[in-house]
Amino acid sequence: MPLTLTVLGTSSPHPAPGRPCSGYLLSGGGAEVWVDAGPGTFAALQRHTDPARLTAIWISHLHADHSADLLSAAYAFAFGGMPPPAPIPVYAPQDCARRLAGFFGRADVEFLEGVFDFRDLYDGHDVRHWNLRLTARAVAHGTEAYGLRAECQGSVLAYSGDSGPCPALTALASRADLFLCEADIDAHHGGEPSQQVHLTPEDAGRIARDARVRELLVTHVGPTLTREAATARAAAVSGRPTYMAAEGGTVTI
Ligand SMILES: [Zn+2]
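Our subject in this report is the structure included herewith. (Residues numbered from 1 in each chain as written. Predicted model: local features only at pLDDT ≥ 70, side-chain atom pairs only at ≥ 80, totals over all residues. Heavy atoms only, no water.)

**Description of the overall build of the chain**
- Across its full length, the chain holds seven helices and 14 strands.
- In terms of C-alpha radius of gyration, the chain reaches 17 Å, essentially the compact-globule figure of 18 Å for 253 residues.
- Along the first, second and third principal axes, the C-alpha set of the chain runs to 50 × 40 × 35 Å.
- Counting across all 253 residues of the chain, residues that qualify as buried make up 56%. (Helix = DSSP H or I, 4+ residues; strand = E, 2+ residues; numbered from the N terminus. Rg over C-alpha atoms; globule rule 2.2 N^0.38 Å. Buried < 20%, exposed > 50% of the residue type's maximum accessible area, 1.4 Å probe, protein only.)

Shown next, in the form of structure tokens:
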């Protein structure tokens, strides 16, 4: 089975009608991985799979627009008649379980263990998940945040998560077949490069070019841009096929 990416949501920083925040379904090698759980994506996920069939959840960082629907999933799995056959591995930054428990007003996290199996990410985290290899690299976002490299039988997806320009992001994307990359902001407004926590479309295009990816898929475009404009601007720099991520779209990698 080839590696496929289904776009569940791309919006930043809040969901819009028909447009959830960040979330993707990655399928291949026997695995089905929900990558980022932005608000609205749990509903969108159900258009494409039975959530109880998920083999893992992978969360790039704990900003709400990438993680808040873990709460929806917890309700579905614990109370909604959708119990998974075994606790679903959740690869996420540390503290994810405690924060989720906080939504339930609980200080303990053990009550979540029946549905989720939390596993902390770290820079260089590398796991063989079914026949997928999932590698995390720490990226520059002003909080604990990771990009993802997923490999399956020679096909490579790289995903920026949320990140400013940084060497780790370029390395993560090296020669990927598909680079799913944020282009959240219109411009950097001052500050040191080390303080930049998002990408402009030109940054996304430049990283795609420098990393020699095969194709670029532009996502997570913020309110100061249109996603059509962001994609065109990224394409002008990337020098490779560049597309706009849209809800419901599926790409075979
Ligand atoms: Zn973020």
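Moving on from the model shown.
**Re the pattern of salt bridges**
- All chains considered together, the criterion is met by 16 salt bridges.
- With a shortest N-O distance of 3.1 Å, Glu 151 and Arg 149 are connected by a salt bridge.
- By relative accessible area, Glu 151 is classed as partly exposed at 24%.
- Among the salt bridges present, the one from Arg 214 reaches Glu 215, with a minimum N-O distance of 4.0 Å. (Salt bridge = Lys/Arg side-chain N within 4 Å of Asp/Glu carboxyl O.)

**As for the pairing of strand 10 (residues 155–159)**
- The element strand 10 is extensively covered by neighbouring structure, given that five of its five residues are classed as buried.
- Along strand 10, one buried face is formed by Ser 155, Leu 157 and Tyr 159 and the opposite face, lined by Val 156 and Ala 158, is buried too.
- Two elements, strand 9 (residues 146–152) and strand 10, share five bridges in a ladder whose sense is antiparallel. Bridging from a neighbouring strand, Arg 149 pairs with Ala 158 of strand 10.
- Connecting strand 9 to the antiparallel partner strand 10 that follows it, the hairpin turn spans two residues, and Gln 153 within it adopts a positive phi of roughly 50°.
- Taken together, strand 10, helix 5 (residues 167–172) and strand 11 (residues 178–182) form a β-α-β motif whose crossover is right-handed. (Pairing = 2+ DSSP bridges. Right-handed = clockwise from strand over helix to strand, strands pointing away.)

**Quick word on the sheet that holds strand 3 (residues 31–37)**
- With respect to topology, seven strands assemble into an open sheet ordered 6-5-4-3-2-1-14, the strand pairing being mixed. In this open sheet, the two strands that pair with only one neighbour each are strand 6 (116–120) and strand 14 (250–252). In this sheet, adjacent strand axes meet at a mean angle of 20° when their direction is disregarded. (Axes fitted to C-alpha atoms, helices over the stretch in contact; angles between N-to-C directions.)

**Some words on the pairing of strand 11**
- Strand 11 sits mainly inside the fold: five of its five residues count as buried.
- The alternating pattern of strand 11 places Leu 178, Leu 180 and Glu 182 on one face and Phe 179 and Cys 181 on the opposite face, and all of these are buried.
- In this sheet, strand 11 lies alongside strand 10 in parallel orientation, the contact comprising three bridges. Note on strand 11: the bridge partner recorded for Leu 157 is Leu 178.

**Examining the packing of helix 6 (residues 201–210) against helix 7 (residues 227–238)**
- At a minimum axis distance of 7 Å, the contact between helix 6 and helix 7 shows a crossing angle of 35°. Here the hand of the crossing between helix 6 and helix 7 comes out right-handed. Contacts from Pro 201, Glu 202, Gly 205, Arg 206, Ala 208 and Arg 209 in helix 6 reach Ala 230, Arg 233, Ala 234, Val 237 and Ser 238 in helix 7.
- When its residues are assigned to classes, the contact of helix 6 with helix 7 shows five nonpolar, two polar and four charged. (Left-handed = near helix turned anticlockwise from the far one by under 90°. Contact = heavy atoms within 4.5 Å. Nonpolar A, V, L, I, M, F, W, Y, C, P; charged D, E, K, R; others polar.)

**Points about the coordination of the zinc ion**
- For the zinc ion, every protein donor is listed as His 61 (NE2), His 63 (ND1), His 141 (NE2) and Asp 162 (OD), and the spread of their distances is 2.2 to 2.4 Å.
- Coordination at the zinc ion comes from four donor atoms whose angles at the metal span 88 to 176°, giving a geometry best classed as irregular.
- All donors of the zinc ion come from a single chain, and their spacing in sequence reads H-x1-H-x77-H-x20-D. Here His 63 is found in the loop between strand 4 (56–58) and helix 2 (64–67), whereas its partner His 141 is found in the loop between strand 8 (132–138) and strand 9, with 78 residues between them in sequence.
- On the basis of relative accessible area, His 63 is assigned to the partly exposed category, the value being 34%.
- Taking the relative accessible area as the measure of exposure, His 141 reaches 5% and is therefore buried. (Donors = N, O, S within 2.8 Å, 3.2 Å for Na, K, Ca; no water. Tetrahedral: all angles 85-135°; square planar, octahedral: opposite > 155°, others 65-115°.)

**Here we look at the nonpolar core**
- One finds Leu 5, Leu 26, Val 33, Val 35, Trp 58, Leu 132 and Leu 157 to be the most contacted residues of the largest nonpolar core, which totals 27 residues.
- Counting residues per element, the ones that place at least two in this core are strand 1 (4–9), strand 2 (23–28), strand 3, strand 4, strand 8, strand 9, strand 10 and strand 11.
- Top contributing element to this core by residue count: strand 9, with four residues.
- If we ignore the near neighbours within four places in the chain, the residues touching Val 33 are Tyr 24, Leu 25, Leu 26, Leu 54, Thr 55, Ala 56, Trp 58, His 129 and Leu 132.
- Counting 26 residues, the second largest nonpolar core, distinct from the first, contains Leu 8, Trp 34, Ile 57 and Ile 59. (Core = buried A, V, L, I, M, F, W, Y, C linked by side-chain atoms within 4.5 Å.)

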